Amino acid sequence: MRLVSVGNVIIDLTISVPALPERGGDVLGHATGSTPGGSFNVMVAAARQGLPTAYGGAHGSGPFGEQVRAALAAEGIEVLQHPTVGVDTGYDIALTEEGGERTFVTVFGAEAGLTGEALAGIRLGEGDFVHVSGYGLLKRSNGAALAGWLGSLGPRLVVLVDPGPLVRDVPLAVWAVARARADWISCNLREAQRLTGAADAAAATEMLGNLGNVLVRLGPDGCLIGVDGTITHVPGFPVDAIDTNGAGDAHAGAFLAALARGAAPVTAARAANACAAIAVTRRGPATAPTIAETSALLD
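The text that follows walks through the structure, step by step, so that each part is easy to find. (Residues numbered from 1 in each chain as written. Predicted model: local features only at pLDDT ≥ 70, side-chain atom pairs only at ≥ 80, totals over all residues. Heavy atoms only, no water.)

### Examining the overall build of the chain
Item 1. Each helix and strand counted, the chain has 10 helices and 13 strands in total.
Item 2. The C-alpha radius of gyration computed for the chain amounts to 18 Å, which stays within 12% of the reference 19 Å derived for 299 residues, consistent with globular compactness.
Item 3. Projected onto the principal axes, the alpha-carbon positions of the chain cover approximately 45 × 45 × 40 Å.
Item 4. Across the 299 residues that make up the chain, the buried fraction comes to 49%.
Item 5. At a minimum sequence separation of 6, the contacts of the chain that also span at least 24 residues come to 69%.
Item 6. Counting only carbon and sulfur atoms, one obtains 55% of the accessible surface of the chain, whose full area is about 12,800 Å². (Helix = DSSP H or I, 4+ residues; strand = E, 2+ residues; numbered from the N terminus. Rg over C-alpha atoms; globule rule 2.2 N^0.38 Å. Buried < 20%, exposed > 50% of the residue type's maximum accessible area, 1.4 Å probe, protein only. Contact = heavy atoms within 4.5 Å. Areas by Shrake-Rupley, 256 points an atom, 1.4 Å probe, with all protein chains shown as cover.)

### Looking at the nonpolar core
Item 1. Core analysis: the biggest nonpolar cluster contains 37 residues, and Leu 119, Val 132, Leu 137, Leu 146, Trp 149 and Val 161 have the highest contact counts within it.
Item 2. Counting only elements with at least two residues in this core, the list comes to helix H3 (116–120), strand E8 (129–133), helix H4 (143–150), strand E9 (158–162), helix H5 (172–181), strand E10 (184–188), helix H7 (201–209) and strand E11 (213–217).
Item 3. Counting residues per element, this core draws most heavily on H4, which supplies five residues.
Item 4. Setting aside residues no more than four positions away along its own chain, Val 161 makes contact with Val 132, Leu 137, Trp 175, Ala 178, Ala 182, Trp 184, Ile 185 and Ser 186. (Core = buried A, V, L, I, M, F, W, Y, C linked by side-chain atoms within 4.5 Å.)

### Examining the packing of aromatic side chains
Item 1. Taken as a whole and judged by the stated rule, the model has two aromatic pairs.
Item 2. Plain terms: the ring middles of Trp 184 and Phe 255 are 4.9 Å apart, the flat faces sit at 80° to each other, and that makes the pair edge-to-face. With Trp 184 in strand E10 and Phe 255 in helix H8 (residues 247–260), this residue pair connects regions lying 71 residues apart in the sequence.
Item 3. Judged by its relative accessible area of 5%, Trp 184 falls in the buried class.
Item 4. On the accessibility criterion, Phe 255 (0% relative accessible area) is buried. (Phe/Tyr/Trp six-rings, centres within 6.5 Å; stacked < 30°, edge-to-face > 60°.)

### Quick look at the environment of Arg 2
Item 1. Positionally, Arg 2 belongs in the segment before strand E1 (3–5).
Item 2. Through-space distance from the C-alpha of Arg 2 to that of Ala 204 is 30 Å; in sequence the pair is 202 residues apart.
Item 3. Dropping the residues within four chain positions of it, Arg 2 is found in contact with Leu 51, Pro 52, Ala 54, Glu 78, Leu 80, Arg 123, Asp 128 and Phe 129.
Item 4. From its side chain, Arg 2 meets the backbone oxygen of Arg 123 in a polar contact 2.9 Å long. (Polar contact = N/O pair within 3.5 Å; in protein donor to acceptor, adjacent residues only side chain to side chain.)

### Some thoughts on the pattern of salt bridges
Item 1. Counted by the stated rule, this structure contains eight salt bridges.
Item 2. Note that Glu 75 and Arg 48 form a salt bridge whose closest N and O atoms lie 2.6 Å from each other. Of this pair, Glu 75 sits in the loop between helix H2 (63–74) and strand E5 (78–79) while Arg 48 sits in helix H1 (residues 39–48), placing them 27 residues apart in sequence.
Item 3. The class of Glu 75 is partly exposed, set by a relative accessible area of 25%.
Item 4. The residue Arg 156 makes a salt bridge to Glu 126 at a minimum N-O spacing of 3.2 Å. Here Arg 156, found in the loop between H4 and E9, pairs with Glu 126, found in the loop between H3 and E8; they are 30 residues apart in sequence, far enough to count as distant. Accessibility classification places Arg 156 together with Glu 126 in one group, the exposed group.
Item 5. Here the salt bridges do not stand alone but share partners, grouping Arg 2, Glu 78 and Asp 128 into one network. (Salt bridge = Lys/Arg side-chain N within 4 Å of Asp/Glu carboxyl O.)

### Some thoughts on the sheet that holds E9
Item 1. Taking strand neighbours across the sheet as the criterion, the nine strands line up as E5-E4-E1-E8-E9-E10-E11-E12-E13 in an open arrangement whose pairing is mixed. Every other strand in the sheet has two partners, leaving E5 and strand E13 (230–234) as the edge strands with one partner each.
Item 2. Of the strand pairs in this sheet, E1 and E8 are connected by three bridges, and their pairing is parallel. Among the inter-strand pairings, Ser 5 is bridged to a residue of E8, identified as His 131. (Pairing = 2+ DSSP bridges.)

### Brief notes about unusual backbone geometry
Item 1. Despite not being glycine, Asp 228 shows a phi value in the positive range, around 55°.
Item 2. Within the secondary structure layout, Asp 228 lies in the loop between strand E12 (223–227) and E13.
Item 3. Look at Asp 228 and you get exposed, because its relative accessible area is 72%.

### Description of the packing of H8 against helix H9 (residues 265–279)
What describes two packed helices is the angle between their axes and the distance between those same axes.
Item 1. The N-to-C vectors of H8 and H9 enclose an angle of 145°; their axes lie 8 Å apart at closest approach. When the axes of H8 and H9 are compared, the crossing they make is right-handed. Within the contact between the two elements, H8 uses Ala 247, Ala 250, His 251, Ala 254, Phe 255, Ala 258 and Leu 259 and H9 uses Pro 265, Ala 268, Ala 269, Ala 271, Ala 272, Asn 273, Cys 275, Ala 276 and Ala 279.
Item 2. Grouping the constituent residues of the contact of H8 with H9 by class yields 14 nonpolar, two polar and no charged. (Axes fitted to C-alpha atoms, helices over the stretch in contact; angles between N-to-C directions. Left-handed = near helix turned anticlockwise from the far one by under 90°. Nonpolar A, V, L, I, M, F, W, Y, C, P; charged D, E, K, R; others polar.)

Below, the structure written as structure tokens:
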């Protein structure tokens with residue numbers, strides 16, 4: 001049993017700013033480094049929580065691609081695809097304000113060129129988990145290839161789809177396939193509201209729950225989980241957040257790892273809340289804790 005992510009792994013160029021500038025303005029920031037981000041954060045969280053993990057997405061042949069592969073290797077995450085020749089991995093500029101809120105500008109690269117042929121070469125075992133990112137479902141990314149592949153997956157795989165902040169830009173036909181195959185939809189409140197048009201968290205979760213199992217992240221308030229039409233609020237853990245970058249990804253990875261250990265969905269959601277709570281107390285995107293650290297907070 002393992003997790004295979006076909007989400008987009010890119011490089012985060014992270015900058016701390018006191019606040020975002022007004023349009024046409026400027027602000028002095030502090031560069032805090034560059035690190036793999038995107039679906040990398042989901043895989044790191046799952047791996048650190050004890051779930052064997054592999055990356056099935058595309059990656060480039062330039063310096064950013066090399067950085068991605070080195071980071072994956074350092075976390076014990078297997079790489080399933082060969083580098084894309086002549087194209088580097090993409091990147092984003094992640095602006096983190098005081099208080100931890102973050103804003104992104106993303107530039108696609110090799111990770112947005114995943115082909116149906118490459119996906120067909122991934123060998124999945126019965127009971128494996130599959131992670132799909134909304135960034136990969138975009139028309140400018142891997143939407144067409146992923147839609148064809150998702151439609152071919154058998155029923156004994158657990159598929160989690162994280163729509164992401166650009167969910168409204170996902171083609172309707174692609175989203176219909178992803179939604180139909182998803183065993184879990186995992187998103188934050190803003191994304192849930194954009195998907196449903198609902199004004200509050202409970203209504204958004206109920207509407208998404210009509211499509212299947214759903215996990216709606218509420219930041220410090222924990223999450224709402226809908227299973228077979230029953231919605232449960234799972235409280236969060238009070239912490240002093242300094243950087244929320246990657247918190248949702250840490251939540252998704254920890255949730256899948258807990259399911260893989262045999263936890264009931266509500267129990268898995270609590271473990272995911274704990275993982276995300278620890279992650280936001282550390283600077284950087286891939287800050288998911290180990291399973292020992294998460295267990296200590298849960299106890």
